[in-house]
Amino acid sequence: MQLVQPANHREFSLEHASEVVEEFRGQPSALINALHKLQETFGYIDEAAMPMLAKLFNLSRAEVHGVTSFYHDFRRQKPGRFTIKVCQAEACQAMGSEALTDAIQKHLGCSFHETTADGMFTLEKVYCLGNCACSPNIMVDKQTYGRVTEKSFKTLTSALAAKASGAK
């Protein structure tokens, strides 16, 4: 089993956020690119960035908010060290993803769009990871895992938590 590296996002600061999106100045249609770059840097789009983005792109704060709330990939809250996406599409459902989802939520102690109390994992749902032949599937950050069971999920999250804390 290949483990992903824990997310290593910078702590949000408006000054650094302004530097991150400066390359998009003068590009009126680049709001989504700027949002992706902010999320890549900080792990989420902080509320404090909204007025700065609105000014940069000559938009209202409501328009910027509309874009961030419309697209599911944009987070408005700081994520955990790892983001776990659980497939909810029909192929995965047919192979037990609903029971797996229940077990995952129970094991982590959080629901979709929430982060565990220790800040280690954020849980998200997706509607296809393109790995239907190996259902049920999850994705941890950018690594897909197929034929996931409750046992393999617990093993994976224990290994990820240990890796993130520097344990072997």
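Basis of the calculations
Residues numbered from 1 in each chain as written. Predicted model: local features only at pLDDT ≥ 70, side-chain atom pairs only at ≥ 80, totals over all residues. Heavy atoms only, no water. Helix = DSSP H or I, 4+ residues; strand = E, 2+ residues; numbered from the N terminus. Contact = heavy atoms within 4.5 Å. Patch = residues over 30% accessible without salt bridge, like charges linked within 9 Å, V, L, I, M, F, W, Y side chains within 5 Å. Areas by Shrake-Rupley, 256 points an atom, 1.4 Å probe, with all protein chains shown as cover. Salt bridge = Lys/Arg side-chain N within 4 Å of Asp/Glu carboxyl O. Buried < 20%, exposed > 50% of the residue type's maximum accessible area, 1.4 Å probe, protein only. 1 Å grid on protein atoms, 1.4 Å probe; cavity = no way out; pocket = protein on both sides within 12 Å on 5 of 7 lines; lining within 4 Å. Points joined across faces, edges and corners; volume = space filled by probe spheres on them. Nonpolar A, V, L, I, M, F, W, Y, C, P; charged D, E, K, R; others polar. Phe/Tyr/Trp six-rings, centres within 6.5 Å; stacked < 30°, edge-to-face > 60°. Core = buried A, V, L, I, M, F, W, Y, C linked by side-chain atoms within 4.5 Å. Axes fitted to C-alpha atoms, helices over the stretch in contact; angles between N-to-C directions. Left-handed = near helix turned anticlockwise from the far one by under 90°. Expected span 1.5 Å × (residues − 1). Arc of directions from axis to C-beta.

(A) Looking closely at the side chain of serine 135. Within the element layout of this structure, serine 135 appears in the loop between β3 (121-126) and β4 (138-140). Apart from the residues lying within four places of it in its own chain, the contact partners of serine 135 are Ala91, Cys92, Met95 and Arg147.

(B) Inspection of a nonpolar patch on the surface at higher detail. There is a patch of nonpolar side chains on the surface, built from Ile32, Phe70 and Tyr71 and spanning about 300 Å² of accessible area. When you line up the elements, isoleucine 32 lands in helix α2 (residues 31-42). For isoleucine 32, a relative accessible area of 31% translates into the label partly exposed.

(C) Just the layout of surface pockets, in detail. As a volume, the largest pocket reaches approximately 970 Å³. For the largest pocket, the lining is made up of 32 residues, of which Gln39, Asp73, Arg75, Thr83 and Lys85 are closest to its centre. Breaking the lining of the largest pocket down by element, the ones donating at least two residues are α2, α4 (61-70), β1 (82-87), β2 (114-115) and β3. It is β3 that contributes the most residues to the lining of the largest pocket, four residues altogether. Partitioning the lining of the largest pocket into residue classes produces seven nonpolar, 13 polar and twelve charged.

(D) View of the packing of aromatic side chains. Tallied over the entire structure, the rule returns five aromatic pairs. Considering the side-chain rings of phenylalanine 12 and phenylalanine 42, the 5.0 Å spacing of their centres and the 65 degrees angle between planes classify their relative orientation as edge-to-face. Of this pair, phenylalanine 12 sits in the segment before α1 (14-21) while phenylalanine 42 sits in helix α2, placing them 30 residues apart in sequence. Judged by its relative accessible area of 1%, phenylalanine 42 is buried. Note on phenylalanine 12 and tyrosine 44: the rings are 6.4 Å apart at their centroids and 50 degrees apart in plane angle, and the pair reads as tilted. You can see phenylalanine 12 sitting in the segment before α1 and its partner tyrosine 44 sitting in the loop between α2 and α3 (49-57), a full 32 residues away along the chain.

(E) Local environment of the nonpolar core. Core analysis: the biggest nonpolar cluster contains 23 residues, and Val21, Leu31, Leu35, Leu38, Leu53 and Phe57 have the highest contact counts within it. Elements represented by at least two residues in this core include exactly α1, α2, α3 and α4. Excluding anything up to four places from it in sequence, phenylalanine 57 contacts Phe24, Gln27, Pro28, Ala30, Leu31 and Ala34. Among the nonpolar cores identified, the runner-up in size contains 20 residues, and Phe82, Phe112, Leu123 and Phe153 belong to it.

(F) Region of the structure containing the packing of helix α6 (residues 97-108) against helix α7 (residues 150-164). In contact at an axis separation of 10 Å, α6 and α7 are set at 35 degrees when each is read in the N-to-C sense. Read as a crossing pair, α6 and α7 show a hand that is right-handed. Seen from α6, the contacting residues are Leu100, Ala103, Ile104, His107 and Leu108; seen from α7, they are Glu150, Phe153, Lys154 and Thr157.

(G) How the structure looks around empty space enclosed by the protein. Using the criterion set out here, one finds one cavity of 30 Å³ or more in the structure. If you add up the space inside the largest cavity, you get close to 30 Å³. As for the largest cavity, its lining consists of Cys87, Ala89, Ala91, Cys92, Cys128, Leu129, Gly130, Asn131, Cys132 and Asn137. Residue composition of the lining of the largest cavity, grouped by class: seven nonpolar, three polar and no charged.

(H) Quick peek at α6. A rise of 1.5 Å per residue sets the reference length of α6, with its twelve residues, at 16 Å; its end C-alpha atoms lie 16 Å apart and thus fit the reference within 8%. Regarding α6, the residues found buried are Ser97, Leu100, Thr101, Ala103, Ile104 and Leu108. The buried residues of α6 occupy an angular sector of 165 degrees when projected down its axis, which confines them to one face. Looking at α6, the residues exposed on the side facing more than 90 degrees away from the buried face are Ala99, Asp102 and Lys106. Looking at the buried residues of α6, the elements they touch are β1, α5 (90-94), β3, β4 and α7. Trailing α6 by a residue or two, glycine 109 shows a phi angle of about 75 degrees, which is positive.

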